[in-house]
Amino acid sequence: MNILLMGLPGAGKGTQSEHIVKDYPVIHIATGDIFREAIKNETPLGLKAKSYTDHGNLVPDDVTNAIVRERLEKDDVKTNGFMLDGYPRTSVQAQALDQNLAELNTQIDAVIYIDVDPEVLKDRLSGRIICRNCGATYHRIYNPPKVDGVCDNCGSTDFYQREDDKPEKVAHRINLQMESIRPILDYYEERGLLHKINGQQDIEDVYRDVRDILATIK
Ligand code: AP5
Ligand code: MG
Ligand code: ZN
């Protein structure tokens, strides 16, 4: 099973991915997570990406395409399939992905777009907190840990806010990505791959819609 999970910043891609990987063997590949990890470790990729991600701008296509290509070539992806979270985000990336998949002799089975109103996204991003130990994502109001201040997943009490979730960066990210995502949605719709789901429901209800789509593919 090879799927793309798309949506504007804060739509719930990461949150739904956490559910999906518990029920399906697919490999979760999130370009944003790869960049944040590289920045934390101060690798050459991290040094290149930091000035873009810090300001909520897109990392150049050639850099992003190369890291995705490298990840798609790994054996675990060949065996279990992939779930790309936050890639492609430009038409150039969508075309590079197609070419890479053709060379790797595989294809996309479904594209899931989590649709959420931009005004709602601002609230979601400004209230997001992440467990520093295991990366689980919460929201102070909409999706708090079961025990206040303690990660459900690993018990850690250490949470942080993403640099690009600061209020002054959030609106910029949303506006920029609204522009870049539109042509890609058209592109997948024309190919009959696009499934739009309502992202303004409870997390469990969004996930039920995701599962309904996944049930239609192998
Ligand atoms: P990335 O990490 O992908 O950031 P993003 O697209 O801005 O998306 P987010 O991770 O912010 O949102 P999400 O959809 O995962 O939402 P989440 O589930 O956390 O990318 C970061 C940066 O890396 C980019 O800005 C760019 O610089 C670079 N980059 C990445 N990919 C790139 C690419 N392809 N090309 C170039 N550059 C790239 O949920 C958000 C909040 O809402 C959480 O608090 C959650 O608890 C809550 N929530 C989730 N679902 C619901 C719900 N149904 N109801 C209520 N609350 C909910
Ligand atoms: Mg995410
Ligand atoms: Zn945790």
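Residues numbered from 1 in each chain as written. Chains lettered and ligands numbered in written order. Predicted model: local features only at pLDDT ≥ 70, side-chain atom pairs only at ≥ 80, totals over all residues. Heavy atoms only, no water.

**Regarding the coordination of the zinc ion (ligand 3)**
What counts here: Because water is not among the atoms used, a metal site may look incomplete, as its donors are only the N, O and S atoms within 2.8 Å, or 3.2 Å for Na, K and Ca. Donor angles set the geometry label: tetrahedral for four donors if every angle is between 85 and 135 degrees, square planar for four and octahedral for six if opposite donors exceed 155 degrees and the others are between 65 and 115, irregular for anything else. The cut-offs for exposure are 20% and 50% of the maximum accessible area for each residue type, with area from a 1.4 Å probe on protein chains only; residues under the lower value are buried, those over the upper are exposed, and the others partly exposed.
Surrounding the zinc ion (ligand 3) are the protein donor atoms Cys-131 (SG), Cys-134 (SG), Cys-151 (SG) and Cys-154 (SG), at 2.3 to 2.4 Å. Angles of 102 to 114° at the metal separate the four donor atoms of the zinc ion (ligand 3), which places the site in the tetrahedral class. One chain supplies every donor for the zinc ion (ligand 3), spaced along it as C-x2-C-x16-C-x2-C. In this structure Cys-151 comes out as buried when scored by relative accessible area, which is 3%. With a relative accessible area of 33%, Cys-154 lands in the partly exposed category.

**A word on helix H7 (residues 118-126)**
Note the following rule: Strands here mean DSSP runs of E at least two residues long; helices mean DSSP runs of H or I at least four residues long; both are numbered from the N terminus. Note: the arc covers the axis-to-C-beta directions of the helix.
Among the residues of H7, Leu-121, Arg-124 and Leu-125 are the ones counted as buried. Around the axis of H7, the buried residues are gathered within 90° of arc, so they sit on the same side.

**So, the sheet that holds strand E8 (residues 194-198)**
The condition that has to hold: DSSP-based pairing: two strands are paired if at least 2 bridges between them are found. Axis lines are fitted to C-alpha atoms, over the contacting stretch for helices. Their N-to-C directions set the angle, which ranges from 0 to 180 degrees. The criterion used for residue contact is that any of the two residues' heavy atoms lie within 4.5 Å.
Read across the open sheet, the five strands follow the order E2-E3-E1-E4-E8; overall the sheet is parallel. Two strands bound the open sheet, and with one partner strand each, they are strand E2 (27-30) and E8. Strand after strand, the sheet turns through a mean of 20° between neighbouring axes, direction not considered. Sheet topology note: the strand E4 (residues 110-115)/E8 ladder contains five bridges and is parallel. What sits directly across from Ile-112, in E8, is His-195. Along the sheet face, helix H9 (residues 203-214) touches strand E1 (3-6), E4 and E8 and points at about 160° away from the line of E8.

**Re the sheet that holds strand E6 (residues 137-139)**
Pairing within the open sheet is antiparallel, and its three strands lie in the order E6-E5-E7. Two strands lie at the open edges of the sheet, namely E6 and strand E7 (159-160), each paired on one side alone. Both strand E5 (residues 128-131) and E6 contribute to a ladder of three bridges, which runs antiparallel. By the bridge assignment, Ile-129 is partnered in E6 with Tyr-138.

**Description of empty space enclosed by the protein**
Defined as follows: Lining residues are those with an atom within 4 Å of a point, where the points come from a 1 Å grid over the protein atoms alone and group into cavities, where a 1.4 Å probe fits but cannot get out, or pockets, open sets with protein on both sides within 12 Å along at least five of seven lines. Grid points are joined across faces, edges and corners, and a volume is the space filled by probe spheres set on the points. Here the term charged refers only to Asp, Glu, Lys and Arg, the term nonpolar to Ala, Val, Leu, Ile, Met, Phe, Trp, Tyr, Cys and Pro, and the term polar to all other amino acids, Gly among them.
Scanning the entire structure with this criterion turns up one cavity of 30 Å³ or more. Reported here for the largest cavity is a volume of approximately 40 Å³. Contributing to the lining of the largest cavity are Leu-5, Met-6, Gly-7, Lys-13, Gly-86, Tyr-87, Pro-88, Arg-89, Gln-177 and Ile-181. For the lining of the largest cavity, the elements supplying multiple residues, two or more each, are E1 and helix H8 (167-190). Among the residues making up the lining of the largest cavity, the classes are represented as five nonpolar, three polar and two charged.

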